[in-house]
Every structure is written in C-alpha cells, then in structure tokens.
Amino acid sequence: MNDSSWGSPPHAGSRAGYWGPVDQGPVQRAAPAGPAYDAPEAQQTRPMPIVPDVPAHGGNQDDDRGAARLGGPLFHDENYGNAPYGGEPHGLAVHGDDTPTARPPAAAPQNPEPMPDAPHPVPAPQKKSAGRDLGAAIGVGVGLGAVIVASLFVVKAVFVGVVAVAVVVGLWELTSRLQERKGIRAPLVPLAVGGAAMVVAGYVRGTEGAWVAMALTALAVLVWRMTEPPEGYLKDVTAGVFAAFYVPFLATFVALMLTADDGAFRVMTFLVLTVVSDTGAYAVGWRFGKNKLAPRISPGKTREGLLGAVAFAMVAGALCMQFLIDDGSWWQGLVLGFAVAASATLGDLGESMIKRDLGIKDMGTLLPGHGGIMDRLDSLLPTAPVVWMLFVLFVGSG
C-alpha cells in the first residue's frame, strides 16, 4: 500500500479500520479543520511513524487498544497514564478517520475514582514471655526445696554437706567461665578443697574457723599457681582469691546461722525471704514493670519489680520473725525483709554484671529452667551475711 495515496503521512492518531470496515482502496482524505491541523503547518511538522493496518474485526480488542498508545502532541503518554488499563483518555476513542469520538457506553469506566488502599493487617499483641521454661523451673525448685528441708530438719550435718557440694559446683562453674571467656586460669583444686573446708570450719569453729580457712585458701591459690608459667600469674591468683571470697566465704554465714539453737528455722527464714523477694520482683515486674532499674546491667529488672520484692519480703519477714524465730518480733521481720530485698537485688545485679562482662547469659546448664548453680546462688550469697548479722542484733547468736 502506497502511503502517498492518503494525501499526507499519517500521524500519531491514525488507526485505520479500528471501528470502520477494512480499507477498500486509496482514498484522498482531507485534513481536519482547526488550528492543530492547518495545512501549511502540517507540512512543517515532523512525520510520525506509520501505524500498520489492523483488522477491523476478529482481532483482540485488548491488543487493538494497546496499539493506539502512541506518543505525540495530541495524545501524550500522560493522558494514557490516567486512562483505565492504559488505553485512550477517559470517554474518548479513536476511529479510523483519526477523529476523537465518544467511547461506546459499554467501554466507559464504571468507577473512575481510584480505589482506596486495602487496610494493613494489625499484628496481634504478643504476650509477655517469662524467658525460661517455667514448668522445668518450678519442678527443679520444688526438688531442691525438698532436699534442703529434709536435710535441714533431720540432720544438720547433712545440710552442711549440701552447702559444701553447692559451693564446689559453683566454683567449678565460675572458674570454667572465666577460662573460657577471658582466658583466666584460677586454680580450681585449691579453691574446691579450701571452699568445702571453709563451710565446715564455719559450722564447727564459728567465725574464727571461717576466717582462718579463708586465709589458708587464699595462700593455697598463690602457691598452686606457681607451678605454671608466670605469664598471667597476677590475674589468675586475683581471680582465685575473688572466687574464694565470693562463693565459699559468703556461704559460710549460712553454716554460722545453723549453729544456733533455732538454727534450722533461721536458715529456713533466710531461704524463704530470699525466694519470696525474687518471686515478688518477678511477679510485679512482669505484670506492671515499665521503668528500668539498671538497664545497662540487667534490662529485665524494673523499679516496680523492686517495690514488689520489698513488699513481699517485708510481709514474709514479719510472719517468719513472729512465728518461727525465738524471741522474734514482727517489726524486726519488717526490717529483715527490707534488708533481704535490697541485698538480694544487689547480689543479682552483681552476678549480672559478671555475666555481662563475660558475655554469657547463664553460668551453667545443670538446673533446667534455672541455668547453673551460680545462677541460683547469686541472691543467696550476699544475703547470707546480712541476715546472720541482723539475727545476731535482734535475737543474739545462740
């Protein structure tokens, strides 16, 4: 088909045969009237690409509609961007004679307004997590409590043995973590032997025996470490002396409480108040905790939890001093409970500081749901000398 037979080159709007019949031959076509199609100016405009003929019927209308998307001064691409499905502008169709006409009613858009965005699903609020296996933690706690109560009220010497075993295991966990994380080799053998002897000496010989055993244990650490190369000697023996004081020496005050006539009830009061303080801090902090107590040391602890620990421990202290301790009074129990809550919290923060420095979460894995032995002794160890001192002040050492 010769393009010259049309009289002028087709422009961007030409779509031969889109709505009309198939072309039958060359036809001389007059340019539409109007300033946009003025004949003199038409000769000066840039020729537009030739659009191939499209069958009037039998073709895919979607394909035909897409074929009409041509750029040019009359139908700029911006108009097609606003048209539904990327076709002609709203309400217009292009016939074979290049004349814009109204779109057939069937092709008119039914809803020209943009559809609103679908609402984003709101995630369901997550429940607070306890962070540990509560079932395992409760089971292990009940088991340990049964062993402690049975040994405490049946034979006191057995309870002293339980404390000595806990001390040795705690020393093993602490020295192992120090070596793994910091390369510090605190000698375990003199620490274990001296630690167990420290607890027994406190029960048998009182405070004097505990101090002597502590001094001998420190000396044994210094000598034992001399059998190895001198590199790191100072940090190793420093860590060893610290471990001897932190674990067995503080545990010796539990044995000192046991020497009194009502020693079993004093130890029971000490254990009950510490456990109640931890439970109150956990329960209140988990339910109402919002303000962090020491976020850089232990992000999970809150001021509300500390208030819960104080309240629970003071109530338990008043009851224990009134009904369990000879010559005890309820107001003394309030003071005792407050002191236990403070010392237990500081002890917990102290071990959290050690674990944060070591880059670990738990000291061990021996107790499911609890971690290691040291993770249970963290509150008890610094609380023992505080409770022992208050018992001596309130009701004496006998």
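Nothing here was measured: the structure is a model prediction, and the numbers come from that model.

Reading the values: the criteria
- Residues numbered from 1 in each chain as written.
- Predicted model: local features only at pLDDT ≥ 70, side-chain atom pairs only at ≥ 80, totals over all residues.
- Heavy atoms only, no water.
- Salt bridge = Lys/Arg side-chain N within 4 Å of Asp/Glu carboxyl O.
- Buried < 20%, exposed > 50% of the residue type's maximum accessible area, 1.4 Å probe, protein only.
- Helix = DSSP H or I, 4+ residues; strand = E, 2+ residues; numbered from the N terminus.
- Phe/Tyr/Trp six-rings, centres within 6.5 Å; stacked < 30°, edge-to-face > 60°.
- Lys NZ or Arg CZ within 6 Å of the ring centre and 35° of its normal.

Peer 1: Quick question: what am I supposed to make of the pattern of salt bridges here?
Peer 2: For side chains of opposite charge, pairing can occur when their charged atoms come near one another. This structure, assessed with the given rule, holds 10 salt bridges. For the salt bridge of Asp262 with Arg266, the shortest nitrogen-to-oxygen distance reads 2.9 Å. Accessibility assignment for this pair places Asp262 and Arg266 in one class, buried. Between Lys355 and Glu351 there is a salt bridge, and its shortest N-O distance comes to 3.9 Å. Pair noted here: Lys355 and Glu351 are both in helix α10 (residues 330–358), with a separation of four residues, about one helical turn. For the residue pair Lys355 and Glu351, the accessibility class agrees, reading buried in each case. Among the charged side chains, a network of salt bridges with common partners joins Arg185, Arg225, Glu228 and Asp236.

Peer 1: Can you help me understand the packing of aromatic side chains in this one?
Peer 2: Pairs of aromatic rings are described using the distance from one ring centre to the other and the angle between the two planes. Tallied over the full model, the rule gives seven aromatic pairs. With a centroid separation of 5.4 Å and 25° between ring planes, the pair formed by Phe245 and Phe249 is classed as stacked. Of the two residues, Phe245 and Phe249 are both situated in helix α7 (residues 233–258); the distance of four residues between them amounts to about one turn of the helix. Judged by relative accessible area, Phe245 falls into the partly exposed class, the value being 40%. When the centroid spacing of 5.7 Å and the interplanar angle of 85° are considered together, the rings of Phe249 and Phe253 count as edge-to-face. Placement of the pair is Phe249 and Phe253 together in helix α7, with a separation of four residues, close to one helical turn. Taking the relative accessible area as the measure of exposure, Phe253 reaches 13% and is therefore buried. Joined through ring pairs, the aromatic side chains of Trp211, Phe245, Phe249, Phe253 and Trp388 make up one cluster. For the cation-ring pair, Arg287 lies above Phe288, with the distance from its terminal atom to the ring centre recorded as 5.1 Å.

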